[in-house]
2 protein chains.
Amino acid sequence: MTSPGLDILAIGDAIVDVIATCDEAFLAEHDLPKGSMQLLSPRQADALYAAMGSARETSGGSAANTMAGVAAMGGQAAFIGQIADDQLGKIFAHDMHALGVAFDTPPLASGTLPTGRCLILVTPDAQRTMNTCPGASHELRADALDEAQIRAASILYLEGYLWGPAGPRGAMERAVAIAHDAGRQVAFTVSESVCIAGRKEGFARMIEAGGVDLLFANEDELFQMTASSDLDGALAEMAAKVPTLVITRGPAGAIAVERGQRIDIPAAPIPTLVDTTGAGDLFAAGFLTARCRGVGLARQLRTGAIAAAEIISHFGARPEADLKAMVAL
Amino acid sequence: MTSPGLDILAIGDAIVDVIATCDEAFLAEHDLPKGSMQLLSPRQADALYAAMGSARETSGGSAANTMAGVAAMGGQAAFIGQIADDQLGKIFAHDMHALGVAFDTPPLASGTLPTGRCLILVTPDAQRTMNTCPGASHELRADALDEAQIRAASILYLEGYLWGPAGPRGAMERAVAIAHDAGRQVAFTVSESVCIAGRKEGFARMIEAGGVDLLFANEDELFQMTASSDLDGALAEMAAKVPTLVITRGPAGAIAVERGQRIDIPAAPIPTLVDTTGAGDLFAAGFLTARCRGVGLARQLRTGAIAAAEIISHFGARPEADLKAMVAL
């Protein structure tokens, strides 16, 4: 399953996170459902930013966080995503390179859309509410793909947040065709944006057509993608359509179903829950890195749980501890 | 001592901190003396940034950190400093406003120098090595001063890092004249850049001329500013020139000398030493906020020690805990 060159190539949002704490009243006042992700226009983003507290900035993006995690655990990772030629774009590119993630997507010319940012509000219960102003990130087009790189990666990993806008969706569909032509696996992480009517049907068609080999979703998303109202039924319904299904359940742990085998694991213990931003991203990082090492399904799940536990014990969605030592693959 | 409008107005560098961890070998390889601050050209900064690890960004600047601390403790604070009209400048301005610090210095037009940044490398022993690319920050000029604001503030607080470049130094000298004309106190925090030959003589002349009412320095800087080689002698020499002298000594605590009275206090205890960036800045914030509340000299010192302890127990130089509750002024 390993490739000499590249374990995992991801396509996703290239954005900088702007993280501040807030109380529940702030979310209510700004009509932001806790735990959700909404897209903001530049004007909406400016208004919310003006109202929110003093922030810290770190490179973000769901699939980019996952690649940061893969690299931190010793995997060979690459990323495709659209930045602009501006200060936030330079920060995003620097952090990818500093982590050892190959990232060569040319920036949009300056004076066009700025690099995307995600205003993340963390409440005292450690829940994150994300408000994304995608900017350049949604301008990703198929001509930004490096076909040879896609062919070289054992796994192509696609981010659900990019399934919404037509341009990036087209790029991802093209990438799936290239990966499958090269005999590679395609992993897809569902997001709320995949679950919106219209997009959901298109996504369901891709699954039916065999476009997805490995599907990551959380429990809520699983229910939104299936007709079942109980967990066992929903798992069975989706597992019939994808060779490998991985469902994260927050503090309740995670489940994988593969070739008729189902494994449930508990969440990894953490000292203090600080900020759940990036939990799913790092779970996927651990699972995929372990998978590329050829370990068994239970170990893949457990590695995901360890990586997720690290990320939720501090602010921000990029690893801070020595993940490689923690997962000991 | 309190003003109905404003407790403290600071003039200082307006920069964004870019914080990454590194090992001792990295400092040696790049010829960076640990614990120092050096100025980098844009090209040098780009080269160091390319070599350093994945970073987090927070608004910084020594005096700006101090004003963030004053506001966090409930003081009325304002800041004058030069940003550019770019993404990092917007981050800096947002964070000042979000903290309740008045900040109205108009940005430089875009296309000129960018907003300054400080590449901060934190070694495992929690020492910070700072590499500043000042950009727009050193373009501060006297015409950016708001004379009415200076007259309204009980204390004018000046940052030694801006004593180097001629333009900002001229602005600070003009501000001192305005503050003294209005019967206000002038506080000055020494930095390494004040201690360089040439600058040191000019600074000594300002002190001799009564330009400084309250001087903050660390022990090293005190020795560089005096002819004495023992602490008691150095304190006596400098205390003869400034009405209030405050010397910080890291883990050895702090000393204040005022009207012939000398008070020594120990450092405040901390759970874990993580990053000493901002220790002096926040010490000054606590001292000045307490001073504006009219408490005694020992309480001013202790408040400084509590604020410094908070800042060195996490990454970054802006307060994260509820400082107002911690200092209970």
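A short tour of the structure in this document, coming up.

Remarks on the relation of the copies chain A and chain B
Once chain A has been moved 0.0 Å along the axis and rotated by 180 degrees, it coincides with chain B to within an RMSD of 0.0 Å. One copy is carried onto the other by what is essentially a two-fold rotation axis. No C-alpha of chain A approaches the rotation axis more nearly than that of Glu57 of chain A, which lies at 2.5 Å. In this assembly, 100% of the residues forming the interface of chain A have copies in chain B that are likewise at the interface, indicating an isologous arrangement.

Side note on the sheet that holds strand S5 (residues 77-80) of chain B
Residues and elements named next belong to chain B. A sheet is described by the order of its strands in space; here nine strands give the open sequence S6-S5-S1-S9-S10-S11-S12-S13-S14, paired in mixed fashion. Of all strands in the sheet, those with a lone pairing partner are strand S6 (102-103) and strand S14 (261-265), marking the two edges. Here S5 runs beside S6; their pairing, made up of two bridges, is parallel. Pairing of Phe79 across the sheet is with Phe103, part of S6. Where helix H9 (residues 231-239) meets the sheet, it contacts strand S11 (214-218), strand S12 (244-248) and strand S13 (254-258), and its direction lies at approximately 145 degrees from that of S12. Where helix H10 (residues 279-292) meets the sheet, it contacts strand S1 (6-11), strand S9 (153-159), strand S10 (185-189), S11, S12 and S13, and its direction lies at approximately 165 degrees from that of S9.

Some words on helix H9 (residues 231-239) of chain A
Residues and elements named next belong to chain A. Those residues of H9 that sit buried are Ala234, Leu235, Met238 and Ala239. The arc that holds every buried residue of H9, seen down its axis, measures 120 degrees, which confines them to one face. On its buried face, H9 is in contact with strand S11 (214-218), helix H8 (219-225), strand S12 (244-248) and strand S13 (254-258).

Description of unusual backbone geometry
Residue and element names in this part refer to chain A. Unlike most non-glycine residues, Asp31 shows phi in positive territory, near 60 degrees. With respect to the element layout, Asp31 can be found in the loop between helix H1 (24-29) and strand S3 (37-39). Under the C-beta neighbour-count criterion, Asp31 is labelled exposed, with 7 such atoms within 10 Å.

Section: the environment of Asp264 of chain B
All names here are of chain B. Note that Asp264 resides in strand S14. Its 14 C-beta neighbours within 10 Å are what place Asp264 among the partly exposed residues. For the pair Asp264 and Gly253, spaced eleven residues apart in the sequence, the C-alpha separation amounts to 7.4 Å. When near neighbours in sequence (up to four residues on either side) are disregarded, Asp264 contacts Gly253 and Ile255.

What counts and how
Residues numbered from 1 in each chain as written. Chains lettered and ligands numbered in written order. Predicted model: local features only at pLDDT ≥ 70, side-chain atom pairs only at ≥ 80, totals over all residues. Least-squares fit on C-alpha atoms with pLDDT ≥ 70 in both. Contact = placed C-beta atoms within 7 Å. Pairing = 2+ DSSP bridges. Helix = DSSP H or I, 4+ residues; strand = E, 2+ residues; numbered from the N terminus. Axes fitted to C-alpha atoms, helices over the stretch in contact; angles between N-to-C directions. Buried ≥ 20, exposed ≤ 12 C-beta atoms within 10 Å, placed from the backbone. Arc of directions from axis to C-beta.

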